[in-house]
Amino acid sequence: MGFSWFSSSYQRPFGFHSFVFLLLVADLAFSEDPYVFLDWDVSYITASPLGVKQQVIGVNGQFPGPILNITTNWNVVVNVHNNLDEPFLVTWDGLQQRKNSWEDGVLGTNCPIPSGWNWTYEFQVKDQIGSFFYFPSIHFQRASGGYGGITINNRDVIPVPFGTPDGDITIFIGDWYTKDYKELRKILDEGNELGVPDGVLFNGLGPFRYNESVVPDGIVYATINVEPGKTYRLRVHNVGISTSLNFRIQNHNMLLVETEGSYTVQQNYTSMDIHVGQSYSFLVTMDQNASSDYYIMASARFVNETFRDQVTGVAILHYSNSQGPASGPLPDGPNKDDTYFSMNQARSIRWNVSAGAARPNPQGSFRYGQITVTDVYVLLNVPAEPINGQLRTTLNGISYLDPATPLKLAQQFSVPGVYKLDFPYRNMNRPAKLDTSIINGTYKGFMEIIFQNNASTVQSYHLDGYAFFVVGMDFGIWTENSRGTYNKWDGVARCTTQVFPGAWTAILVSLDNVGLWNLRAENLDSWYLGQEVYVSVVNPEITNKTELPLPDNAIFCGSLSTLQKQQSNKFKYSEASVLSSSSVIVFGLLAMWLSFASP
């Protein structure tokens, strides 16, 4: 975090370089993991990504929000000021929050931050590397922004399985509506579908005008500036609502190297299907002659041909020696209806078992294919259906109902009647219902989850708190015999997987992270209408070593609202629950330097 007063012009008898030296000494003397402190203002701002002025959600006035660029094992303290006109929560998609589901930022673990309040998240990115993103988790707010990237770098002592790229570029792609999130959720609340998106954005911007009859004049588009001959790491995130997108760069190969915290077997792709909530890292070498700029595309998969142009995002790759603007037709992608192409591509993504990740040991040392499964859940998704007169989505016939008191707080304070630990292992032959039923996970157990998608659209599923192994997917109905097709050696470990319509996907997950963890559809409409469940992982042994205590700054609501103290100052840092000794000394040294430096 920068200190703006360092640029003052007066002479300091105790110099800045001396202060830096003291910081280095403190860092050497106290080897605890570093802290980074961030202050985020979440507010409405005005933007016109598709040429229509609308209200979006910005973070520190930015849309998309700032990149959280950190290193393995760093401690992160983020003070979030909620300047929206309704409650807000941010979740950290893919961060495992080891022993700390208190900071997960979903309604099962956190009370929302009231309008006008601030709340401080504090967590450690323990033993993680890779490409992730954050976003608002409630009230359909993600449909209007509030998202940003998370980059977790390797520590210097851990080798990376490829050369250091010349640059690191984050790209957000996603479908977009010109209606704001409140209008969109009203459409869903009234039992209607959202319809075809109005466009696809690149980094919060609309499409390049590749065709005057398709793209209106005056739309600002994204330009990625590069140098010829250099290699860049592109971190691409699908932050949209419900549309699978095919990402490609005209005339350039993309070497896949990482997805959601796992290094992959390195393979070249000319295009990649990126489903809602998924993140990929590619190495792209600028090896073309730059006779002109090049198109970067994100085109919708599995949509009606009539709307193909409408749901195509186009950005520009600009070489510094480019001879002119991009022109001509867009490069073709895969056949829009070819789910077999997409599934075969997904199967081709493999874990790099010879590389370390956040730790030096090879990833393959965890031989997941040899571990005995303790619990099996087959989660059935069907098209949305009316329940009590309201359109809802379900898993195993249950549409999740958020209680007024978060599950985690109810568990902590033994509040009765908030939830039931009776989520069914399979779909039950009974009418669909609203319920707060959660999965009772076995601590240190090994769970097999099969997502069976009997709906007509691609669904993405995400599990907080973990990386899981994607071991199989196929069309048809999963049976016990389907296990014979599982990849038991190098199935990629990630946190979000796609399930094709009329198909299944199987994952394995080691339940070693105590807490309450959200398992959800990343498709925002499906999630909003009830397609989620929580997994409770409790250590039966009474110990404080496997789970961190309730944060000092916890917000209380529901049946525990009487425990909540009014914030006396809405825009003051909430107390971080823990500060490392090295952090205390650093701040002491800072105060000392400032006192010496005063004129």
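In this numbering scheme, every chain counts its residues from 1 along its sequence in written order. Local features in this predicted model are restricted to residues of pLDDT 70 or higher, and side-chain atom pairs are both shown and tallied only at a pLDDT of 80 or more, whereas totals for entire chains, interfaces and linings draw on every residue. With hydrogens and water set aside, each side-chain value is computed from the structure's full complement of heavy atoms.

The name given to the protein in an unreviewed UniProt entry is Monocopper oxidase-like protein SKU5, and the organism recorded there is Dendrobium thyrsiflorum. UniProt positions are given in the numbering used here, feature names are shortened, and annotations may be inferred rather than shown by experiment. The Cofactor (unreviewed entry) comment attached to the protein in UniProt states, word for word, "Cu cation". Under the heading Subcellular location (unreviewed entry), UniProt records this for the protein: "Cell membrane".

## Let's talk about the overall build of the protein
Counting its secondary structure elements, the protein contains 6 helices and 33 strands. Each residue is assigned to one of three classes by its accessible area relative to the maximum for its type, calculated with a 1.4 Å probe on protein chains only: buried under 20%, partly exposed between the two thresholds, exposed over 50%. Buried positions account for 56% of the 599 residues belonging to the protein. Within the protein, contacts between residues at least 6 apart in sequence are counted, and of these 78% link residues at least 24 apart. Areas reported here follow the Shrake-Rupley algorithm with a probe of radius 1.4 Å; residue values treat only the protein chains shown as occluding. A total of about 24,600 Å² of accessible surface is found on the protein, and carbon and sulfur atoms cover 51% of it. Every helix listed is a DSSP run of H or I at least four residues long, and every strand listed is a run of E at least two residues long, numbered separately from the N terminus. Should any heavy atoms of two residues lie within 4.5 Å, those residues are counted as being in contact.

## Focus: helix α2 (residues 181-189)
Burial in α2 covers these residues: Y181, L184, R185, I187 and L188. Seen end-on, α2 carries its buried residues on one side only, within an arc spanning 150 degrees. On the buried face of α2, the contacting elements are β1 (35-47), β2 (54-59) and α5 (524-528). Here a polar contact is recorded for every N or O atom pair within 3.5 Å, except that within protein the pair must consist of a potential hydrogen donor and a potential acceptor, and residues adjacent in sequence are included only if both atoms are side-chain atoms. Between the side-chain oxygen of the N-cap and the backbone nitrogen of K182 there are 3.0 Å, and the N-cap of α2 in question is D180. Phi turns positive, to about 85 degrees, at G191, one or two residues after α2. In this description, one arc is meant: the one made by directions from the helix axis to the C-beta atoms.

## Thoughts on the environment of N192
Positionally, N192 belongs in the loop between α2 and β10 (199-202). By relative accessible area, which is 38% here, N192 ends up partly exposed. In sequence terms N192 and L391 are 199 residues apart; their C-alpha atoms lie 8.1 Å from each other.

## Some words on the packing of aromatic side chains
To pair, rings of Phe, Tyr and Trp, with the six-membered ring standing in for Trp, must have centres within 6.5 Å; the planes then decide the type, stacked if under 30 degrees apart, edge-to-face if over 60, and tilted in the middle. Evaluated as defined, the whole model comprises 31 aromatic pairs. Feature note: the residues W40, W92, W119, Y121, F123 and Y134 constitute an aromatic cluster, connected by ring pairs. Cation placement over rings: the criterion is NZ of Lys or CZ of Arg within 6 Å of the ring centroid and within 35° of the ring normal. A cation over an aromatic ring shows up here: R142 above the ring of F135, its NZ or CZ 4.7 Å from the ring centre. One residue, R520, lies across the ring of W527, its end atom 4.7 Å from the ring centre.

## Here's the deal with the pairing of strand β13 (residues 245-249)
Consecutive side chains along a regular strand alternate between the two faces of the sheet. Counting buried positions along β13 gives 5 out of 5 residues, so the element sits mostly inside the fold. Of the two faces of β13, the one carrying L245, F247 and I249 and the one carrying N246 and R248 are both buried. At least two bridges found by DSSP between two strands is the condition for calling them paired. Direction of pairing for β13 relative to strand β18 (residues 294-300): antiparallel, over a ladder of 5 bridges. Within the sheet, the bridge partner assigned to N246 lies in β18 and is S299.

## Remarks on the state of the cysteines
Criterion for a disulfide: a pair of cysteine sulfur atoms within 2.5 Å. Evaluation of the coordinates by the stated rule reveals 1 disulfide. A sulfur-sulfur distance of 2.1 Å marks the disulfide that ties C111 to C557. Here the S-S torsion is close to -85 degrees, and the disulfide linking C111 with C557 is therefore left-handed. Residue C111 is found in the loop between β5 (90-93) and β6 (118-124), and its partner C557 is found in the loop between β33 (532-538) and α6 (581-597); the two are separated by 446 residues along the sequence. When its relative accessible area of 4% is taken as the criterion, C111 is described as buried.

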